[in-house]
Amino acid sequence: MPCRKRRRQDILTGNPGPLDRVRQAELLVTRSFGVDPHELYQPSRGPKPAADARQAMMYLAHVLFGLSIGQVGQIYRRDRKTVRHACRKFEDLRDDPVFDRFIDQLEMQLSPVAMAGLAQLDRPCAVPPVRGGER
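- The name an unreviewed UniProt entry assigns to the protein is Chromosomal replication initiator DnaA C-terminal domain-containing protein, from the organism Pannonibacter tanglangensis.

Below is the structure:
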């Protein structure tokens, strides 16, 4: 019952719920990676840019928006192990200062979405090359 009540309150106050915030964030992330938002939901891995964008969204949905690993897995139709792998991968990539700045830029642009439900998705961030997972 609390979830339904909270969702109804979000609708009445105009504040988007967590899933709405994730959907807004997807627009910025997919533009930054140069992929179509629908590619995040493909059942297969897909091209490397799509897989990287999906992993970035899984990481941000968990870390920035506070969704559980299970919730993130449900959104992107992946199991919890896959979501944990994406989160670990992006944490490891943050050891690279260039990649860390890229994620910081995404988080700064998305933090209004996360904190106040406001989308400031004016321009995509430049994506540095993502290591690992090459075909």
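Back to the text.
1. Section: the packing of aromatic side chains
- Per the counting criterion, the structure on display carries five aromatic pairs.
- A ring pair is formed by Tyr-41 and Tyr-76, whose centres lie 5.4 Å apart and whose planes are at 20 degrees; its orientation type is stacked. Of the two residues, Tyr-41 is situated in the loop between helix H2 (18-33) and helix H3 (48-63) and Tyr-76 in helix H4 (residues 69-76); the sequence distance between them amounts to 35 residues. Both residues of the pair, Tyr-41 and Tyr-76, count as buried.
- Centroid distance Tyr-59 to Phe-90: 5.9 Å. Interplanar angle 25 degrees. Geometry classified as stacked. In this pair, Tyr-59 sits in helix H3 while Phe-90 sits in helix H5 (residues 80-93), placing the two residues 31 residues apart along the sequence.
- With a relative accessible area of 1%, Tyr-59 lands in the buried category.

2. Section: the nonpolar core
- Judged by nonpolar contacts, the single largest core of 32 residues is most densely connected at Val-29 and Tyr-76.
- The set of elements that each furnish at least two residues to this core consists of H2, H3, H4, H5 and helix H6 (97-116).
- Sort the elements by how many residues they give to this core and H3 lands first, with eight residues.

3. Considerations on the pattern of salt bridges
- Under the criterion given, the structure shown has six salt bridges.
- Note that Lys-89 and Asp-52 form a salt bridge whose closest N and O atoms lie 3.4 Å from each other. With Lys-89 in helix H5 and Asp-52 in helix H3, the pair connects residues that are 37 residues apart, well separated along the chain.
- Exposure remark for Asp-52: the relative accessible area of 5% places this residue in the buried category.
- With its nearest N and O atoms 2.5 Å apart, the salt bridge here joins Asp-104 to Arg-94. Of this pair, Asp-104 sits in helix H6 while Arg-94 sits in the loop between H5 and H6; the two residues are 10 residues apart in sequence, bridging distant segments of the chain.

4. Thoughts on the packing of H3 against H4
- Orientation of H3 relative to H4, taken along the N-to-C sense of each, is 145 degrees, at an axis distance of 9 Å. In the crossing of H3 with H4, the sense of the turn from one axis to the other is right-handed. Taking contact as the criterion, the partners of Arg-54, Met-57, Met-58, Ala-61 and His-62 in H3 are, on H4, Ile-69, Val-72 and Tyr-76.
- Its residues placed into classes, the contact of H3 with H4 shows six nonpolar, one polar and one charged.

5. Quick word on H3
- Taking 1.5 Å of rise per residue, 16 residues should cover 22 Å, and H3 covers 22 Å from first to last C-alpha, within 8% of that figure.
- The element H3 is extensively covered by neighbouring structure, given that 13 of its 16 residues are classed as buried.

6. Here's the deal with H2
- When the terminal C-alpha atoms of H2 are compared, their 22 Å separation across 16 residues agrees well with the 22 Å that a helix rising 1.5 Å per residue should span.
- Turning to H2, its buried residues number three or more, namely Arg-21, Val-22, Ala-25, Glu-26, Leu-28, Val-29, Thr-30, Ser-32 and Phe-33.
- Just downstream of H2 lies Gly-34, where phi reads positive at about 70 degrees.

The rules behind these values
Residues numbered from 1 in each chain as written. Predicted model: local features only at pLDDT ≥ 70, side-chain atom pairs only at ≥ 80, totals over all residues. Heavy atoms only, no water. Phe/Tyr/Trp six-rings, centres within 6.5 Å; stacked < 30°, edge-to-face > 60°. Helix = DSSP H or I, 4+ residues; strand = E, 2+ residues; numbered from the N terminus. Buried < 20%, exposed > 50% of the residue type's maximum accessible area, 1.4 Å probe, protein only. Core = buried A, V, L, I, M, F, W, Y, C linked by side-chain atoms within 4.5 Å. Salt bridge = Lys/Arg side-chain N within 4 Å of Asp/Glu carboxyl O. Axes fitted to C-alpha atoms, helices over the stretch in contact; angles between N-to-C directions. Left-handed = near helix turned anticlockwise from the far one by under 90°. Contact = heavy atoms within 4.5 Å. Nonpolar A, V, L, I, M, F, W, Y, C, P; charged D, E, K, R; others polar. Expected span 1.5 Å × (residues − 1).

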